[in-house]
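Geometric and topological summary
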Amino acid sequence: MIRLNQELCIGCGLCAKDCYPEYITMGEQYPVMPDGECMGCGHCVAICPNQALSMDGDDVMEAVIPYNADMMQIEPEHLFQFMQFRRSVRNYKPDAVPRDAMLQVLEAGRYSPTGSNAQTVKYIVLEQEKMHYVKLAAEALWQGVQASGQAPGGIIEKIYQNSCNGVDKLFHGAPAVILVLDTERRSNYSNAYIAASRIELMAQSLGLGTCYVGFFLHAIAMNPDIAKQLELPKGYQVQAVLTIGYPEDVYQRTVPRKPLSVEWK
């Protein structure tokens, strides 16, 4: 998986030093590349000062860009305020999200970290078929409420009643919904939510709004046929759900938060 160009290698040993699993070791003059054992994290490619290392696949290496110090200058207070102003958006304009913008936010998810560098996260974007899944999910949720004996009048009943009239209250009328998928190992849920958090911040930078929708995950658990109709890849689950679109409202200030709770030990 890792290729070494000895003509470019200066024998500095940085790649071996930075290889956390110690797959790369340092020989007398050049690093010794792993024989089949490799996480594919790319740290060795990134740290090499002379571009002597590469990974298999020309399409993979085409996406590699050199370090640019100017592009890394984000003022901490600006970043923090950017995150403070992030809101869960539940009122959207009807405008569709342009495909290039959607690809840009999904690329942000692609570059999120995953456990053991698995890079197994996949996506489904609901646009034209969104209302079909709103109705399926609303029906499943409403049946769950009825079976549990809960009193009517809650948000699920409103979601169901609106869906019967062709109105999307589940996804707040957003023009698109991003389903974040990962393999069925429960430990992989963190991969999906890390990717989703990157997606929502990139979306905000593009003037888009997002909102997590846990009700859709509950609906899939209640009615597995929803997952079948989504035609998920084998061994995959929907693990995070984000609405996305242009916000109809402009928030004028940040909101209160509970004080920071931390223990230093």
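Residues numbered from 1 in each chain as written. Predicted model: local features only at pLDDT ≥ 70, side-chain atom pairs only at ≥ 80, totals over all residues. Heavy atoms only, no water.

1. Focus on the layout of surface pockets
Selection rule: Here the term cavity refers to a set of points on a 1 Å grid, laid over the protein atoms alone, in which a 1.4 Å probe fits but cannot get out; the term pocket refers to an open set having protein on both sides within 12 Å along at least five of seven lines, with lining residues being those that place an atom within 4 Å of a point. Grid points are joined across faces, edges and corners, and a volume is the space filled by probe spheres set on the points. Going along the chain from the N terminus, every DSSP run of H or I of four or more residues is numbered as a helix, and every run of E of two or more is numbered as a strand. Charged means Asp, Glu, Lys or Arg here, nonpolar means Ala, Val, Leu, Ile, Met, Phe, Trp, Tyr, Cys or Pro, and polar covers whatever is left, Gly included.
Within this model, the largest pocket holds a volume of roughly 2,000 Å³. Around the largest pocket sit 45 residues that line it, and A46, A63, V64, I65 and Y111 are the ones nearest its centre. Broken down by secondary-structure element, the contributors of at least two residues to the lining of the largest pocket are β1 (2-4), α2 (43-47), β4 (53-55), α3 (58-62) and α5 (99-110). Broken down by element, the residue count for the lining of the largest pocket peaks at four residues, all from α5. In terms of residue class, the lining of the largest pocket is built from 26 nonpolar, 13 polar and six charged.

2. Some details on α5
The cut-off we apply is this: The length a helix should cover is 1.5 Å for every residue beyond the first. Relative accessibility thresholds used throughout: buried, under 20% of the residue-type maximum; exposed, over 50%; partly exposed, between the two (1.4 Å probe, protein chains only). In this description, one arc is meant: the one made by directions from the helix axis to the C-beta atoms. Between two residues, a contact is recorded if the distance between any of their heavy atoms is within 4.5 Å.
Its 12 residues place the ends of α5 16 Å apart at the C-alpha level, agreeing with the 16 Å of an ideal helix rising 1.5 Å per residue. Every buried residue of α5 is accounted for by A101, M102, V105, L106, A108 and G109. On an axial view of α5, the arc spanned by its buried residues comes to 145 degrees, and they lie on one face. The outward face of α5, more than 90 degrees from its buried face, is lined by the exposed residues R99 and D100. Buried positions along α5 lie against β5 (122-126), β6 (176-183), α8 (189-205) and β8 (236-245).

3. Details of empty space enclosed by the protein
Applying the stated criterion to the full structure yields two cavities of 30 Å³ or more. A volume near 100 Å³ is recorded for the largest cavity. Across the lining of the largest cavity, the residue classes tally to 11 nonpolar, three polar and one charged. For the second largest cavity, the calculated volume is near 80 Å³. Among the residues making up the lining of the second largest cavity, the classes are represented as 12 nonpolar, two polar and no charged.

4. Let's talk about the side chain of R86
The test is simple: Counting of polar contacts relies on pairs of N or O atoms within 3.5 Å, with two restrictions inside protein: one atom must be capable of donating a hydrogen and the other of accepting it, and residues adjacent in sequence are counted only when both atoms are side-chain atoms.
Here R86 shows up in the loop between α4 (76-84) and α5. At a separation of 2.7 Å, a polar atom in the side chain of R86 contacts the side chain of E200.

5. Some points on the packing of aromatic side chains
Each aromatic ring pair is characterised by the separation of its centres together with the angle its planes make. Stated formally: Aromatic pairing here means that ring centres of Phe, Tyr or Trp (its six-membered ring) are within 6.5 Å. Orientation follows from the plane angle: under 30 degrees is stacked, over 60 is edge-to-face, and everything else is tilted.
Counted under the stated rule, the structure contains three aromatic pairs. Arranged with centres 5.5 Å apart and planes meeting at 15 degrees, the rings of W142 and Y160 form a pair that is stacked. With W142 in helix α6 (residues 130-148) and Y160 in helix α7 (residues 155-164), this pair connects stretches of sequence that are 18 residues apart. Arranged with centres 5.9 Å apart and planes meeting at 25 degrees, the rings of Y193 and Y212 form a pair that is stacked. Taken together, the residues Y193 in helix α8 and Y212 in strand β7 (residues 209-212) connect sequence positions 19 residues apart.

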